[in-house]
Amino acid sequence: YAAGADYNPDLCEASVVRGLRRLQAEGFLEPDYFIYPGGHTDAELCKRVRKWCKAGVRAGTTDGTCHLYGDGRYLLKRCFIRAVGTETSAEALTRIKGYIDTAAANHDWIIFGTHSGTVSEFDHDLVVTVLNYAADKGFAFKTLNDAFKEREWLFLAAEQQGMVI
């Protein structure tokens, strides 16, 4: 329901609610973050996700870092650790190292993602190399929940000032 001619915000919201209920039924008591399927986001969908979740995470983005409050807590960026399109693993590593270097210079944070259940999209060596590079740059590794708790005040302040949705 999230893209194309079939896009329907009501059906998207119903899907969010079903997903949250399923997660809770499976023992995930606080499913606070919504990952937008296919990366589709718009203001209406963000508004609806806001009713149910603390934040929303987009698919891979062009710069991969979350600077301060960025585009708001319902449009958090995510950097996939994988080659994109015709990119080789070496080219992907160079691109992702650039994201890490930018984040380190700006005191940003990065949400890394993988599709680890999809063998064709998971490159173990690339993941290990990227995480080691980030660790060497001084990054601490945290769950999204822990990292968001540390930065939530930035998002709240930006929202109060009308700077983000």
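Scoring rules and cut-offs
- Residues numbered from 1 in each chain as written.
- Predicted model: local features only at pLDDT ≥ 70, side-chain atom pairs only at ≥ 80, totals over all residues.
- Heavy atoms only, no water.
- Helix = DSSP H or I, 4+ residues; strand = E, 2+ residues; numbered from the N terminus.
- Buried < 20%, exposed > 50% of the residue type's maximum accessible area, 1.4 Å probe, protein only.
- Contact = heavy atoms within 4.5 Å.
- Areas by Shrake-Rupley, 256 points an atom, 1.4 Å probe, with all protein chains shown as cover.
- Salt bridge = Lys/Arg side-chain N within 4 Å of Asp/Glu carboxyl O.
- Right-handed = clockwise from strand over helix to strand, strands pointing away.

Asks: I'd like to hear about the overall build of the chain, residue by residue, with values.
Replies: Looking only at helices and strands, the chain features 5 helices and 4 strands. Its helices and strands taken in sequence order, the chain reads α-β-α-β-β-α-β-α-α from the N to the C terminus. Within the chain, buried positions represent 36% of all 165 residues. Pairs at least 24 residues apart make up 56% of the contacts formed inside the chain by residues separated by at least 6 positions. A total of about 9600 Å² of accessible surface is found on the chain, and carbon and sulfur atoms cover 54% of it.

Asks: So what about the pattern of salt bridges? Which residues, and what values?
Replies: Following the criterion strictly, the structure yields 12 salt bridges and no others. Of the charged contacts in the structure, one is a salt bridge between Glu26 and Arg22, with a shortest N-O distance of 3.6 Å. Each of Asp10, Glu13, Glu44, Lys47, Arg48 and Lys51 takes part in salt bridges that share partners, so that together they form one network.

Asks: Please set out the pairing of strand β3 (residues 76-80) residue by residue, giving values where relevant.
Replies: Counting buried residues along β3, 5 of its 5 residues qualify, which places the element largely inside the surrounding structure. Neither face of β3 is left uncovered, since the one carrying Leu76, Arg78 and Phe80 and the one carrying Lys77 and Cys79 both have all their residues buried. For the crossover that starts at β3, traverses helix α3 (residues 89-106) and ends in the parallel strand β4 (residues 112-113), the hand is right-handed.

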